[in-house]
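Spelled out, the chains give:
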Amino acid sequence: MINKFQKFIFKNKTNKYLIMGSFSFFFVKGLIWLGIFILAGFNLIN
């Protein structure tokens, strides 16, 4: 079932680029928020 779903999604390049772009966007966004929380945490400790 998962293999059928992957074939449907990656059928054309537009869907592939859209999915990979949204994944990379949210990944970078998550890394930025993680950095902000770590920075705020270290500032509260000091």
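As a reminder, the structure under discussion sits directly above these lines.
Every chain begins its residue count from 1, and numbering advances along the sequence as written. Whole-chain, interface and lining totals are the exception, using all residues; otherwise, since this is a predicted model, local features are given only for residues with pLDDT of at least 70 and side-chain atom pairs are given and counted only at 80 or more. To get the side-chain values, take all heavy atoms of the structure and skip hydrogens and water.

Comments concerning the overall build of the protein
To qualify as a helix, a DSSP run of H or I must reach at least 4 residues; to qualify as a strand, a run of E must reach at least 2; elements of each kind are numbered from the N terminus. The secondary structure content of the protein amounts to two helices and zero strands. In terms of overall dimensions, the protein has C-alpha extents of about 50 × 20 × 5 Å along its principal axes. The rule is simple: take the accessible area with a 1.4 Å probe, protein chains only, and divide by the maximum for that residue type; under 20% is buried, over 50% is exposed, in between is partly exposed. Taken over 46 residues, the protein has a buried fraction of 2%. What sets the accessible areas is the Shrake-Rupley method with a 1.4 Å probe; for residues, cover comes only from the shown protein chains. Accessible surface, the protein: about 4700 Å² in total, of which carbon and sulfur atoms supply 75%.

Some details on the environment of K7
The residue K7 is located in helix α1 (residues 2-9) in this model. Residue classification places K7 among the exposed residues on the basis of a relative accessible area of 58%. On a C-alpha basis, the gap between K7 and F42 in space is 45 Å, while along the polypeptide they are 35 residues apart.

Things to note about the packing of aromatic side chains
Two aromatic rings, drawn from Phe, Tyr or Trp (for Trp, its six-membered ring), form a pair once their centres lie within 6.5 Å of each other, and the interplanar angle then sorts them: stacked below 30 degrees, edge-to-face above 60, tilted otherwise. Across all of its chains, the model carries three aromatic pairs by this definition. Arranged with centres 6.0 Å apart and planes meeting at 20 degrees, the rings of F23 and F27 form a pair that is stacked. Of the two residues, F23 and F27 are both situated in helix α2 (residues 13-45); the distance of four residues between them amounts to about one turn of the helix. Taking the centre distance of 5.1 Å and the plane angle of 70 degrees together, the rings of F25 and F26 count as edge-to-face.

Function-wise, these values are silent; they only describe arrangement.
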